[in-house]
Amino acid sequence: MIELHDVRKVFPARGRSGEVVAVDGVSLRVEAGEFAGVVGPSGSGKSTLVRLVNLLERPTSGSVTVDGQVLSDLPDDRVREARRSMGMVFQHFELLDSRTAAGNVEHPLELAGVGRAERRRRAAELLDLVDLGERAGAHPAQLSGGQKQRVAIARALAGRPKVLLCDEATSALDQASTTGVLDLLRRVRAELGLTVLLITHEMAVVKAVCDSAVLLDRGRVVDGGRLAEVLTREHSPLADALLPAPAADAGAGHGGALVRVTVTDRAPETVVLQTLVGELGLAVEVAGGSVETVAGGRYGRLLLRVTGDLGRLDGAVHRLRDDGVLVEQVHAGVAAGAGR
Ligand SMILES: Nc1ncnc2c1ncn2[C@@H]1O[C@H](COP(=O)(O)OP(=O)(O)OP(=O)(O)O)[C@@H](O)[C@H]1O
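What counts, and at which threshold
- Residue positions within a chain follow its written sequence, with the count starting from 1.
- Under the rules for a predicted model, residues below a pLDDT of 70 receive no local features and side-chain atom pairs below 80 are neither given nor counted, while totals for whole chains, interfaces and linings still include all residues.
- The criterion for a residue being near a molecule or strand is a backbone-placed C-beta atom within 6 Å of that molecule or strand.
- Runs of H or I in DSSP of at least four residues are treated as helices and runs of E of at least two as strands, each being numbered from the N terminus.
- Amino acids outside the nonpolar list (Ala, Val, Leu, Ile, Met, Phe, Trp, Tyr, Cys, Pro) and the charged list (Asp, Glu, Lys, Arg) are all regarded as polar, and Gly is one of them.
- UniProt positions are given in the numbering used here, feature names are shortened, and annotations may be inferred rather than shown by experiment.
- Strands qualify as paired when DSSP identifies two bridges or more between them.
- To define axes, lines are fitted to C-alpha atoms, for helices over the stretch in contact only, and angles between the resulting N-to-C directions are given on a 0 to 180 degree scale.
- Roughly parallel refers to an angle under 35 degrees, roughly antiparallel to one over 145, roughly perpendicular to one between 65 and 115, and oblique to any angle outside these ranges.
- Put simply, a crossing is left-handed when the front helix is turned counterclockwise from the back one by less than a right angle, and right-handed when it is turned clockwise.
- Residues are defined as contacting one another if the C-beta atoms placed from their backbone atoms lie within 7 Å.
- The split of the chain into domains comes from an automatic or database domain assignment.
- Counting other C-beta atoms within 10 Å of a residue's C-beta gives its exposure: the residue is buried at 20 or more, exposed at 12 or fewer, and partly exposed in between, where C-beta atoms are placed from the backbone.
- Handedness of a crossover: with both strands directed away from the viewer, a clockwise path from the first strand across the helix to the second marks it as right-handed.

Turning our eyes to something else, we now look at the site of the ligand. For the ligand, the set of nearby residues contains 13 residues, the closest of which are F11, A22, S42, S47 and T48. Among the secondary structure elements, those contributing two or more residues to the shell around the ligand are β2 (19–30) and α1 (46–53). Here the element with the most residues in the shell around the ligand is α1; it accounts for three residues. Of the residues contributing to the shell around the ligand, the split by class is three nonpolar, eight polar and two charged.

Per the UniProt record, "domain: ABC transporter" (unreviewed entry) is annotated on residues 2–243. Between the C-alpha atoms that bound residues 2–243 there is a distance of 27 Å. The span itself is 37% helix and 26% strand.

What follows covers the sheet that holds β2. Judged by pairing direction, the sheet is antiparallel, and its four strands sit side by side in the order β2-β1-β4-β5 without closing on themselves. Both outer strands of the open sheet, β2 and β5 (69–70), are each paired with one neighbouring strand and no more. As paired strands, strand β1 (residues 2–12) and β2 are joined by nine bridges and run antiparallel to one another. Considered in β2, the bridge of V10 is made with V21.

The next subject is the packing of helix α3 (residues 101–111) against helix α5 (residues 145–157). Look at α3 against α5: their axes get within 7 Å of each other, and the N-to-C directions meet at 30 degrees. Between α3 and α5, the angle is such that the two are roughly parallel. Considering how the two elements wind past one another, α3 and α5 form a crossing that is right-handed. Touching A101, N104, V105, H107 and P108 of α3 are V151, A154 and R155, all from α5. Classifying every residue of the contact of α3 with α5 gives five nonpolar, two polar and one charged.

Domain boundaries in the chain define domain 1 (2–234) and domain 2 (243–331). Just the C-alpha atoms count here: the centres of domain 1 and domain 2 sit 39 Å apart. In this assembly, eight residues from domain 1 lie in contact with nine residues from domain 2. In terms of residue class, the side of domain 1 that touches domain 2 is built from four nonpolar, one polar and three charged.

For the rest of this paragraph, the subject is the pairing of strand β8 (residues 195–199). Within β8, five of the five residues are buried, which leaves the element mostly enclosed by the surrounding structure. Alignment of strand β3 (residues 35–39) against β8, held across four bridges, turns out to be parallel. The residue bridging F35 from the neighbouring strand is V196, located in β8. Bridge count between strand β7 (residues 163–167) and β8: five bridges; the pairing is parallel. Directly across from D167, in β8, lies its bridge partner I199. Handedness of the β-α-β unit built from β7, helix α6 (residues 175–192) and β8 comes out right-handed.

With that out of the way, let us pick up the environment of H92. Following the sequence through the fold, H92 ends up in the loop between β6 (86–89) and α3. Note: C-alpha distance between H92 and P12 (80 residues apart in sequence) is 26 Å.

At their nearest, the axes of α5 and α6 sit 9 Å apart, and the two run at 20 degrees to each other. Classed by the angle they form, the pair α5 and α6 counts as roughly parallel. The handedness of the crossing between α5 and α6 comes out as right-handed. Between α5 and α6, the residues in contact are G145, G146, Q149, R150, I153 and L157 and S177, G180, V181, L184 and V188, respectively. Residue composition of the contact of α5 with α6, by class: five nonpolar, five polar and one charged.

Within the chain, E168 stands out as a residue other than glycine whose phi angle is a positive 50 degrees. The topology assignment puts E168 in the loop between β7 and α6. Phi at H235 is positive, roughly 55 degrees, even though this residue is not glycine. Mapped onto the fold, H235 is located in the loop between α8 (227–230) and α9 (237–242). Residue classification places H235 among the exposed residues on the basis of 8 C-beta atoms within 10 Å.

Let's shift gears to the pairing of β1. Sheet topology places β1 next to strand β4 (residues 61–66); five bridges connect them, and they run antiparallel. Paired with I2 across the strands is V66, a residue of β4. Linkage of β1 to β2, two consecutive antiparallel strands, is achieved through a turn of six residues, within which G15 is found at a positive phi near 70 degrees.

We now examine the environment of V206. With respect to the element layout, V206 can be found in helix α7 (residues 203–209). Separated by 33 residues in the primary sequence, V206 and A239 have C-alpha atoms spaced 11 Å apart. Not counting the four nearest positions on each side in its chain, V206 is found in contact with G37, V39, T200, A213 and L242.

Now the structure itself:
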C-alpha cells in the first residue's frame, strides 16, 4: 500500500553552507491494513520520512508509491489530488481556534467543495465515531488535549482516506489521553480498514498499537519488520529498543550461570522452567527483565541465574533452542557437577 524505494532527501543546511541528508536511501513497505511505526532518535529523519509519503516533501531521488500510484512521478496538481486519500494527524493538533469541533472537521470538506448539508452530516458522523458527538459545538480552547486530538483524527478521516499518517500524535498528551487516542486509532484502523503509518519516539506507543516498525538512525533504516518476528530475532537493535535486554550485572556477584531468555506465547517461561528445573533439577532465580504485551502477544526478556549441576546447562540450552526459545548464555558460571 505504501512503498518507498531507495528514497533520499537532501536539504540545504539551515544557516550554514552545505547540505543535510535527512533521509538516506530508505526502502520501506507497509501492507494495506497494516499499522506500522517509524521510530528513531531525534534528528534521525522520522518527520521528513512521513512528509515524503504524502509528498509534502519531494524526494531528491527514489520513488514513493501509495495505493499503486507512483506519487513521486506526479505533477503538483495531481499530488494534491492524491493527497486527499491520505489523512494526517499532527503532534500539536493544528486545529483552527476560531472554529468549533464540527467546523474543524468540515474544513477539509469545504476545501474539497462538498455541499453544506453533506458536510454537516459527515462531521456529525465522524464526531460520533471519535466519541465527541456531544462536543460538536465546542471550540478547541474548551477541549482537553486528548479531545483536540480526537477532533483532529475526525478531521483527518473526513475525506475517507485509505492511509492515515500520524506524526508524534500522542507526544503532547498525558498518559490517559495517550491510551485513549491509541485505542481510537486502533479502532478506526479496524473499522475503516485503514493503513496507518505512525512516527514516534515513544517505544510504548509502538508496543501498544503497531504490527510492524522500522528503526531509523541518521536517515537510514537500521532494523525493522513485524514486531512478532523482530522480538524473537537475535542481535536486533529494534528489539533492544522495544524490550531492553536486562543488564548482565543485574545477576552478577551471586555465583551460578547467567542465561538470558526471550519468552513468547509460543515458548513461555513455563517451558524454560520445566526444562531447567523440572527435568534437569537446576535451581533458577529471575535476576532481571520483564514480560510485556507487544502487538497483542506476550513477550519477555528475562535474565536467569542458574545454579546446581551446571554441567547439564549446555544440553539444556540446546534443548530450549530446539523448542523455539531464544537463549543466550551470558556467563557460564562454575559447573558444580563438573568432573564428577
Ligand atoms: N526543511 C529543512 N531544511 C534543512 N534541514 C532540515 C529540514 N527538515 C529537516 N531537516 C534536518 O534533517 C534531519 C532530520 O530531521 P527530521 O525532523 O526529519 O528528524 P526527526 O527524527 O523527525 O527529529 P525529531 O524527533 O527531533 O522531530 C535533521 O538534521 C534536521 O535538522
